[in-house]
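Coordinate analysis (summary)
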Protein chains: 2
Amino acid sequence: MDFTIQSALVPVEQGYETVDVQLIDGRIAAIAPSLEIVGAVVDGRNKLLLPGFVNAHTHSPELWQRGMIPPTPLELWIAELYEFEPLDPEQLYLSALATAVETLLSGGTSVVDHLVMIPGREVESIAAAVRAYREVGIRAFIAPLMQDEPLTASIPSGGVKREHIPYQRSTQESIELLHKAIQEFHRPDEGVVILPAPTGLQLGTDALFEGFVELSDRYTLPLHTHLLETKAQQMLAHEKYGCSAVKHLKELGFLSSRTSLAHCVWLDEADIAILAETQATVVHNPLSNLRLGSGIAPILKYLQAGINVAFGCDGCASSDSQDLLEAIKIGSILHNVTDFDYRHWMTPRKAIEIAAIGGATGLGMADEFGSLTVGKQADLVLYDLKNLSLLPRTDPIGLLVLGRPAQAVDSVWAKGNRLVANGSVTTINVDDLRQQLFDRSQWITNRQSTKIAQVEAHYRSVMNLPEQIKGYS
Amino acid sequence: MDFTIQSALVPVEQGYETVDVQLIDGRIAAIAPSLEIVGAVVDGRNKLLLPGFVNAHTHSPELWQRGMIPPTPLELWIAELYEFEPLDPEQLYLSALATAVETLLSGGTSVVDHLVMIPGREVESIAAAVRAYREVGIRAFIAPLMQDEPLTASIPSGGVKREHIPYQRSTQESIELLHKAIQEFHRPDEGVVILPAPTGLQLGTDALFEGFVELSDRYTLPLHTHLLETKAQQMLAHEKYGCSAVKHLKELGFLSSRTSLAHCVWLDEADIAILAETQATVVHNPLSNLRLGSGIAPILKYLQAGINVAFGCDGCASSDSQDLLEAIKIGSILHNVTDFDYRHWMTPRKAIEIAAIGGATGLGMADEFGSLTVGKQADLVLYDLKNLSLLPRTDPIGLLVLGRPAQAVDSVWAKGNRLVANGSVTTINVDDLRQQLFDRSQWITNRQSTKIAQVEAHYRSVMNLPEQIKGYS
């Protein structure tokens, strides 16, 4: 179906202009004042049209643990996360639906889902997420989350010899599983892309990374992984490789212009130079980094070094919403406290660029979407500027990025398909989704972690934290 | 009007309980399962009942500059803010209405409005804000913003001799104006309190502070001011007083258990000890502190020292929303990156406490509201836990604080009056408000500051920033 959006505000180099935009055969056919009407008319008056954003890193199944785990560092948080029962495929389908809906309603048209799978039912797990994203119509980059080392191996040893139980799935099985997922689900023309995406060096052997790079080369697929999210991971890399994780990733051939790296909190100057040289993308997940106390990623340094940056929400167990506008806001203003020279600070327009074309670039698809450019695919979002949260009228992008828009998305198109109209998702029944999420869960009234105690003493010792600390009352 | 809220979830020491709550004559009359029905019945099923929060520091007139000023440090930002034409009283009325509405719809039942006034029309300005808050029904703490030194005096001299044009209103006139405001508008029984509230030491003489303390003592009023928001203010205090601003405030008799201090970013250990000893309250405005690059206030240290803390949104020109839940979330997780020992981190329950009883304490009203306690005034908020942003069901307070609730407030009572029902404000017409904000504003397409250049060279020199910096492209 074709559309003509009439009289929408769009950003131009000097301010804003009011234009019409034709969407024909899924692409942006023309942007100019007073265009001929093609297809359905959409009233763009008092609305702002922007390219759709990319939710460049999340884990949709964590929706089921939203709000549940108290703030603790990643290494303890993940021990608690592993306590939850494996989901069933229907739950994975529902959490992918909700992730898609929240992403759409906060300006996103693409999602990179570093997908937690049900042990032994991995293909079904991927199928459930693919089905959800296809139904909603959002552009989906599915990155099956795979490791070949056990969780206990992800904490530095600190020189103490520790035995680890081997991981449940072998390296070769993981590579075969990824290959199968590519053959079965990778349909880039239909908006579904499979990404080789090891969990991270802290949980993967070199053989796993090399096998995934080989599949990425063979099928021209973007690569994705976690990188140096915590100080503990920085220490671990030096224990394992005698060099930084970034240097090791480069040696494994993992870094290129189609590689995106979630977090990147603990990089030094030499690491930054490697990312700049290899043209890899940093995915900034500011809210998760704060909630887990991982640190503040040096995003202004990355931008100054010419590194491409994108924004992600991360999974709901560590960043308890998929509201991209929140990640964009905090991911832009957070860095002002890291550099006294305000001339380096991120402007609201720069933040929008990072969220849209930065995300597309990290997936090797900057030519296809991510900007208001004639010929690109129509991944577009129309914001209602008469929403109370965006009033009074001042600078529309300033309001959108620095304010706290509440239900301000009026319409969304991905690949030219309209997925949201008048603020409501048109492709699925969101009330049904709410009811199902409600029915399949219950209030947690006084949960106590059983597993944290097993790793906490070692973690505190390795991280040089005192054994007993008195908190405030 | 009386109410019985039936079957609402409330937090108790170990988890949650389902209870009924009777609101009689503006107070909480009973909290227990299966109470007799008194007054109107409100269905609390699948809803969470919490005490109303306090928006403990804002400047409502800045709503008119929401989203407008690009991120810059306070000292330059304020120069730009002063470029805008003074408002008229009707605009002040509208911005106070919108501040009240956004506060209510994010869980707040009280607002501390450090009110910018129209020069020469100060009493009319206060009257406009009082009228707005009375119409909405929110509890209003109006703190007329007064200084007696000119803006140029707020930047450290760095040893350079500078001449300042005297401020437009004398010290004595300001004290008389405050006295008049107290006599005309201070009606604590009706939910309107006037606070003596000098802008801050960076813009006030000792005589102004002493005059305000005298009026606070005479009428038993809470005190409010900005304190050490920026490094420049820390430097200035040492230039002016030869000691820290906190020590000087104490010497002026400004610090007591009914004093609340906005920002408190640049305090040292000795300052912290003074706040603890005097029982003054810190109002944390995390979003404004990030946007202006002021720094991260050492909130965990304050809590460990036993200092009372409250949350504020700050004015919309520096923190472009009055969404208290956003301030609470960022104001709790932000500090995790300042202390590796997670046992010091703020839990979601602690954040809720700070937002409610912390705010009431800072205003000397902890006996009157701020908790679910029989006998206290009914300042209450009911959250709809079937909202998509709060699903699936896990820990309700974890979801509320760590998530990103979207339109999740179902009902609000202040002083026992129901101000919000079924998610809509009942006391004013919000659509009319939106239309008026729209009609009285216009899009800013390419604004250039005229005044920043006048102070920028001096600011950069004093703050030791290089003259020319190349930003990223």
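Residues numbered from 1 in each chain as written. Chains lettered and ligands numbered in written order. Predicted model: local features only at pLDDT ≥ 70, side-chain atom pairs only at ≥ 80, totals over all residues. Heavy atoms only, no water.

1. A word on the overall build of chain A
Scanning chain A from terminus to terminus reveals 15 helices and 17 strands. Taking 473 residues into account, the globule formula puts the C-alpha radius of gyration at 23 Å, and chain A, at 22 Å, falls close to it. Each principal axis of the C-alpha distribution contributes one length, and for chain A these read about 70 × 50 × 50 Å. By sequence separation, contacts in chain A at least 24 residues apart represent 75% of the contacts at least 6 residues apart. Charged side chains in chain A number 37 positive and 56 negative. The centres of these two groups are separated by 3 Å. (Helix = DSSP H or I, 4+ residues; strand = E, 2+ residues; numbered from the N terminus. Rg over C-alpha atoms; globule rule 2.2 N^0.38 Å. Contact = heavy atoms within 4.5 Å. Lys, Arg positive; Asp, Glu negative; His and termini not counted. Charge placed at Lys NZ, Arg CZ, Asp CG, Glu CD.)

2. Focus: the UniProt feature "domain: Amidohydrolase-related" (unreviewed entry) in chain A
Feature annotation in UniProt assigns "domain: Amidohydrolase-related" (unreviewed entry) to the following positions: residues 49-417 of chain A. Taken end to end, residues 49-417 of chain A is 38% helix and 15% strand, and its two terminal C-alpha atoms sit 15 Å from one another. (UniProt positions renumbered as here; feature names shortened; annotations may be inferred.)

3. What about the domain arrangement of chain A?
Residue and element names in this part refer to chain A. In terms of domain boundaries, chain A breaks down into domain 1 (3-45) and domain 2 (51-378). Computed from C-alpha coordinates alone, the two centres of domain 1 and domain 2 are separated by 33 Å. Facing the 13 residues of domain 1 at the interface are ten residues of domain 2. Interface area, domain 1 with domain 2, both sides summed: about 850 Å², of which 53% is carbon and sulfur. The largest contributions to the domain 1 side of the interface with domain 2 come from R27, I28 and I31, which together make up 61% of the buried area. Taken together, domain 1 and domain 2 are joined by one salt bridge. As a salt-bridge pair, E368 and R27 come within 3.2 Å of each other at their nearest N and O atoms. At the junction of domain 1 and domain 2, the tally comes to seven residue pairs in polar contact (both at pLDDT 80 or more). (Domains from an automatic or database assignment. Buried area = accessible area lost by both parts, 1.4 Å probe. Salt bridge = Lys/Arg side-chain N within 4 Å of Asp/Glu carboxyl O. Polar contact = N/O pair within 3.5 Å; in protein donor to acceptor, adjacent residues only side chain to side chain.)

4. Re the sheet that holds strand β13 (residues 308-311) of chain A
Sheet strands associate in pairs through backbone hydrogen bonding, adopting either a parallel or an antiparallel arrangement. Residues and elements named next belong to chain A. On the basis of which strands lie adjacent, the open sheet formed by four strands has the order β10-β11-β12-β13 and parallel pairing. If you trace the sheet from one side to the other, it starts and ends with β10 (223-227) and β13, each paired once. Across the sheet, the mean angle from the axis of one strand to that of its neighbour is 30°, orientation sign disregarded. Strand direction decides the pairing type here: β10 and strand β11 (residues 259-263), joined by five bridges, are parallel. Bridge assignment links H224 to a residue of β11, and that residue is S260. (Pairing = 2+ DSSP bridges. Axes fitted to C-alpha atoms, helices over the stretch in contact; angles between N-to-C directions.)

5. Remarks on the side chain of K376 of chain B
Residues and elements named next belong to chain B. When you line up the elements, K376 lands in the loop between α12 (348-362) and β14 (380-384). The charged side chain of K376 is buried without a salt bridge, its nearest counter-charge being D367 at 6.2 Å. A distance of 3.4 Å separates the side chain of K376 from the backbone oxygen of F369, its partner in a polar contact. Those residues in contact with K376 that lie beyond four places of it in its chain are R27, I28, I357, A366, D367, E368, F369, G370 and S371. (Buried < 20%, exposed > 50% of the residue type's maximum accessible area, 1.4 Å probe, protein only.)

6. Comments concerning the environment of H263 of chain A
Residue and element names in this part refer to chain A. Considering the arrangement of structural elements, one finds H263 in strand β11. Of the residues examined, H263 reaches a relative accessible area of 0% and is grouped as buried. Separated by 153 residues in sequence, H263 and S110 place their C-alpha atoms 18 Å apart. Excluding residues that lie within four positions of it along the chain, H263 makes contacts with H57, H226, L227, E229, V282, V283, N285, S288, N289, A297 and D314. Looking at H263, its side chain comes within polar contact range of the side chain of N285, at 3.4 Å.

7. Examining the relation of the copies chain A and chain B
Mapping between the two chain copies consists of a rotation about an axis together with a translation along that axis. For the pair chain A and chain B, the relating rotation is 180°, the translation along its axis is 0.0 Å, and the fit reaches an RMSD of 0.0 Å. Between the two chains, the operation in question is that of a two-fold axis. Considering only C-alpha atoms, the part of chain A nearest the rotation axis is A406 of chain A, at 3.2 Å. Comparing contact sets, 100% of the residues at the interface of chain A also lie at the interface in chain B, consistent with an isologous, same-surface contact. (Least-squares fit on C-alpha atoms with pLDDT ≥ 70 in both.)

8. Focus on the packing of aromatic side chains
For the structure on display, the rule yields 14 aromatic pairs over all chains. Both rings, one in F209 of chain A and one in F254 of chain A, keep their centres 5.2 Å apart while their planes meet at 65°; by these two values the pair is edge-to-face. Of this pair, F209 of chain A sits in helix α5 (residues 206-219) while F254 of chain A is found in the loop between α7 (245-251) and β11, placing the two residues 45 residues apart along the sequence. Each ring, one from F438 of chain B and one from W443 of chain B, has its centre 6.4 Å from the other, and the planes form 80°; the classification is edge-to-face. Accessibility expressed as a relative area gives 9% for F438 of chain B, which makes it buried. Clustering of aromatic rings is evident, with ring pairs tying together Y342 and W345 of chain A together with Y459 of chain B. Against the face of W443 of chain B rests R393 of chain A, its NZ or CZ located 5.3 Å from the ring centre. Sitting above the plane of the Y93 of chain B ring, R131 of chain B keeps its charged end 3.7 Å from the centroid. (Phe/Tyr/Trp six-rings, centres within 6.5 Å; stacked < 30°, edge-to-face > 60°. Lys NZ or Arg CZ within 6 Å of the ring centre and 35° of its normal.)

9. Describing the pairing of strand β2 (residues 15-24) of chain B
All names here are of chain B. Within β2, seven of the ten residues are buried, which leaves it mostly tucked inside the rest of the structure. As paired strands, strand β1 (residues 3-12) and β2 are joined by eight bridges and run antiparallel to one another. By the bridge assignment for β2, V10 is matched with E17. The hairpin formed by β2 and strand β3 (residues 27-32) contains two residues between the paired strands, and D25 there has a positive phi angle of roughly 50°.

10. A short note on the interface of chain A and chain B
Listed per partner, the contact involves 93 residues of chain A and 94 residues of chain B. Both sides together, the interface formed by chain A and chain B hides about 8,200 Å², and carbon and sulfur atoms give 64% of it. At the boundary of chain A with chain B, the tally comes to eight salt bridges. The salt bridge partner of D341 of chain B is R460 of chain A, with a shortest N-O separation of 2.7 Å. Linking chain A with chain B are 29 residue pairs in polar contact (both at pLDDT 80 or more), by the criterion used here. Split by residue class, the side of chain A that touches chain B holds 45 nonpolar, 28 polar and 20 charged. (Nonpolar A, V, L, I, M, F, W, Y, C, P; charged D, E, K, R; others polar.)

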